[in-house]
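Listed below are the residues making up each chain.
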Amino acid sequence: MPKKIALDWDATELRLVVGRTSTSGVTITDMAVVPIAEGESQGVEAVVRAALEERQYGKLPALVTIGRGKAELRQLQLPPVPDEELPDMIRFQAVRDFAAAGEKAIIDFARVRQNDQGVEVVAAAIAPEQITEIAKVRAADAPAPERMVLRPLAAAALYVKHRDTDGDVVLVDLLADDADIVVLRDGKPVFVRSVRLPRNPAGRPAALAGEVRRSVMASNAGNVETGSRRIVIWGRREDHLQDIQQLSERIGLSVETVDPLSLVSTDDAISQSGGSHVGRFAPLIGLLDVDASGSPLLIDFLNPRKRPEAQSQRGRLILYGGAAAAAALLLGWTAWSSLNSRDQRIEQLSSELAALKPIVAAAEVEIGRTERVDTFLDGNVIWLEELARVAEAIPPAKDLILTSVSANLPQRRGAELTLAGRVTQPRVLDTMLDRLQDDQHRVIGAGINQESTEDPYPWVFQDLRIVIEPEVVREMRDAKRYLAEQDASEPDTASEPDTAVEEDTSPEPDTAVEEDTSPESDTSPEPDTSPEPDASAESDTSPEPDTSPEPDTSPEPDASAESDTSPEPDTSPEPDTSPEPDTAASVADSAEPQEDSQ
């Protein structure tokens, strides 16, 4: 907390209080009264500087209070005006009503009352030259005073902050030769007065009682109930017994005393200091107590209330501009980052594309070669299959005869089969067209004409074209290639079921042989059933039973059985039938390649 010093003086003494200030209050660390000898040649300025230098307070920030006699003070009644226009209205009124207030006068005010009927304030004015003279009391190198407030209202601010202010409260601050009287009504100063008291101590209580009585009457407090009015004297009760007695007898109000040190925090060394003059420190203690937090009761000539200045938009504009600049920078950085990442991605893809170009070029060459091969093979139609299909689809000979069949490869792009013939009736041709048309064959029919009624086939058709598109040829070729690949992958697994069949059919080899060979050869039962030569039959057939088991165990019949794919080929004993299935299987296997080559 910063340490500050509060100063107040009159013609007889200098009063100073030092404390640590904060928004919560003040902690008093030092206080003193320095007498000023009458006729002091060096004046107040020398006394103040010497006292501060002796206590090493010359560099502390200073707060100064001035008496009621150094400023012109008046109560002003104003019409209802907005708060921001009130300072200008008071200055305008003060120039008219104040005797010494000019255009350069410093004017401040404290608000007393404000309602729909108007505004009432206590205003004070002081000349700038007088403020300069007061500020000179400190050394030239000392900081300028931070505040210069009206002394009676500084003490009132202390009381309002710490005590109840309902009703009328008359605050009396007794100085060496003067007395400050402030009448508070519900915490607002309605009357402020400073009076001169006689130096004779015997006459002071009676003079004070008279001045207080006149101040109460001048403040129009007569409309307030007596029980709600009280008089407060700053100081300790034992120091003001005569004053309390005189005020109670003459005015008839309750009188109490308030020690200003009891309202604030103090160091241990300060609690009993101040002597009989502790009440005189109330304005200084009050000024330090409300310095950080402020008070609406203070009239401060160094910080007067002014019309609120138009709030500068510079900070807001700077903030908006900074925010806009930051947003622009953020957007710019985001855009740059995005573009940079995309540039890097483009570079990466470009390098990958450059690496793929040779591969693509080689692939394009292969694709071109493959396309030429496919184009050549698009005309490689298996005419035997197509003719077989036509033979299956045409009606019987009693309804139709073909007079011409021609095949054509138009630039090796697909194939065309052109038919010409005669039919007994037109509907026969329609039936044939429906049979020849499918997903792979497109039939283009020619007109049909009747040439003779006597001919059993009177209706003639020409140029009936069966078109096979090159795409169809290619699909058929691909399908055959797929089937061939599937067949090539099956022999390893096909042998397993054959072996299983061999084991299952082994108990009945003779029956299997008879079933397999019965349709193939009529001579197989002759050796078994010949009755003519008994002896020769015995000699011929005697080795057969001996050798019949040998073919069963030999692997040769197994191989023939695998090629026959019959369910019971394992025990075929006759060598005559085994080569026939093998030859048939080889012929069947070689049929497809021959058709492809055709």
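In the block above lies the structure referred to throughout.
Values in this document were obtained by computation on a predicted structure and should not be read as measured data.

**Student:** Teacher, can you tell me more about the packing of aromatic side chains here?
**Tutor:** The geometry of two aromatic rings is summed up by the distance between their centres and the angle between their planes. A complete count under the given rule lists 1 aromatic pair for this structure. Summarising the aromatic geometry, the rings of Tyr159 and Trp234 are spaced 6.2 Å apart at their centres and angled 85° between planes, so their arrangement reads as edge-to-face. Here Trp234 lies in strand β12 (residues 229-234) and Tyr159 lies in helix α4 (residues 151-162), a separation of 75 residues in the sequence. Neither residue differs from the other here; Tyr159 and Trp234 are each classed as buried. Positioned above the aromatic ring of Phe98, the side-chain terminus of Arg74 is 5.8 Å from the ring centre. Residue placement shows Arg305 over the ring face of Phe109; its charged tip is 5.6 Å from the ring centre.

**Student:** Got a minute to help me understand helix α11 (residues 470-488) in this structure?
**Tutor:** With 19 residues, α11 should cover 27 Å at 1.5 Å per step; its first-to-last C-alpha distance of 27 Å lies within 8% of that length. Among the structural elements, α8 (314-377) and β19 (459-468) are those in contact with the buried residues of α11.

**Student:** What is the right way to look at the environment of Arg147 in this model?
**Tutor:** With respect to the helices and strands, Arg147 occurs in strand β8 (residues 147-150). C-alpha separation for the pair Arg147 and Leu302, spaced 155 residues apart in sequence, amounts to 5.6 Å. Dropping the residues within four chain positions of it, Arg147 is found in contact with Ala62, Leu63, Val64, Leu287, Asp291, Leu298, Asp300, Leu302 and Asn303. Within the local environment of Arg147, its side chain forms a polar contact with the side chain of Asp300, the two groups lying 3.1 Å apart.

**Student:** I'm lost on the pattern of salt bridges in this one. Help?
**Tutor:** Enumeration according to the criterion identifies 36 salt bridges in this entry. Among the salt bridges present, the one from Asp108 reaches Arg305, with a minimum N-O distance of 3.2 Å. Linking Asp108 in strand β6 (residues 106-115) with Arg305 in the loop between α7 (282-289) and α8, this pair joins segments that are 197 residues apart in sequence. Three or more residues joined by partner-sharing salt bridges are found here, namely Asp8, Asp10, Glu13, Arg15, Arg151, Asp180 and Arg280.

**Student:** Just to check I follow, could you spell out the sheet that holds strand β5 (residues 72-78) for this structure?
**Tutor:** Note on sheets: strands pair through backbone hydrogen bonds, and any given pair is parallel or antiparallel. Strand order in the open sheet made by the 3 strands is β5-β7-β6, with antiparallel pairing throughout. The open sheet is flanked by β5 and β6, the only strands paired with a single partner. If you compare each strand with its neighbour and ignore which way they point, the axes differ by 20° on average. In the sheet, β5 pairs with strand β7 (residues 118-126) via 7 bridges, with the strands oriented antiparallel.

**Student:** Which parts of the structure should I look at to understand the pairing of strand β9 (residues 168-174)?
**Tutor:** When a strand is regular, its side chains alternate between the sheet's two faces. Burial of β9 is extensive: 7 of the 7 residues sit out of reach of the surface. Burial of the side chains of β9 extends over both faces: Asp168, Val170, Val172 and Leu174 are buried on one face and Val169, Leu171 and Asp173 on the other. Note that β9 and strand β10 (residues 178-185) share 7 bridges and pair antiparallel. What sits directly across from Asp168, in β10, is Arg185. Where β9 hands over to β10, the hairpin turn is made up of 3 residues, counted between the paired strands.

**Student:** Where do I start with the nonpolar core in this structure?
**Tutor:** Burial of nonpolar side chains together is a common tendency in soluble globular proteins. Ile5, Ile28, Leu171, Val212, Trp234, Ile299 and Phe301 are the most contacted members of the largest nonpolar core, which has 88 residues in total. Take this core: its biggest share by element is 7 residues, from α4. Non-local contacts of Ile5, meaning those with residues more than four positions away in its chain, are made with Leu16, Val17, Val18, Leu52, Tyr57, Leu60, Pro61, Ala62 and Leu63.

**Student:** Would you mind going over unusual backbone geometry with me for this structure?
**Tutor:** Glycine aside, residues mostly have negative phi angles, and peptide bonds mostly take the trans form. The phi dihedral of Gln56 is positive, around 60°, even though this residue is not glycine. Within the secondary structure, Gln56 sits in the loop between α1 (43-54) and β4 (62-66). Of the residues examined, Gln56 reaches a relative accessible area of 71% and is grouped as exposed. For Asp463, which is not glycine, the phi torsion reads 55° and is therefore positive. With respect to the helices and strands, the residue Asp463 is situated in strand β19. Residue classification places Asp463 among the exposed residues on the basis of a relative accessible area of 51%.

**Student:** I'm lost on the packing of α4 against α7 in this one. Help?
**Tutor:** Between α4 and α7, whose axes approach to 7 Å, the crossing angle comes to 65°. Taken as a pair, α4 and α7 cross one another with a handedness that is left-handed. Of the residues in α7, those in contact with Arg151, Ala154, Ala155, Leu158, Lys161 and His162 of α4 are Ala282, Pro283, Ile285, Gly286, Leu287 and Asp289. For the contact of α4 with α7, the residue count by class is 7 nonpolar, 2 polar and 3 charged.

**Student:** Is there a simple way to explain the side chain of Arg204 in this structure?
**Tutor:** By the element assignment, Arg204 lies in helix α5 (residues 204-218). Non-local contacts of Arg204, meaning those with residues more than four positions away in its chain, are made with Leu175, Ala176, Asp177, Leu197 and Pro198.

Reading guide: rules and limits
Residues numbered from 1 in each chain as written. Predicted model: local features only at pLDDT ≥ 70, side-chain atom pairs only at ≥ 80, totals over all residues. Heavy atoms only, no water. Phe/Tyr/Trp six-rings, centres within 6.5 Å; stacked < 30°, edge-to-face > 60°. Helix = DSSP H or I, 4+ residues; strand = E, 2+ residues; numbered from the N terminus. Buried < 20%, exposed > 50% of the residue type's maximum accessible area, 1.4 Å probe, protein only. Lys NZ or Arg CZ within 6 Å of the ring centre and 35° of its normal. Expected span 1.5 Å × (residues − 1). Contact = heavy atoms within 4.5 Å. Polar contact = N/O pair within 3.5 Å; in protein donor to acceptor, adjacent residues only side chain to side chain. Salt bridge = Lys/Arg side-chain N within 4 Å of Asp/Glu carboxyl O. Pairing = 2+ DSSP bridges. Axes fitted to C-alpha atoms, helices over the stretch in contact; angles between N-to-C directions. Core = buried A, V, L, I, M, F, W, Y, C linked by side-chain atoms within 4.5 Å. Left-handed = near helix turned anticlockwise from the far one by under 90°. Nonpolar A, V, L, I, M, F, W, Y, C, P; charged D, E, K, R; others polar.

Remember, this is a structural readout, not a statement about activity or role.
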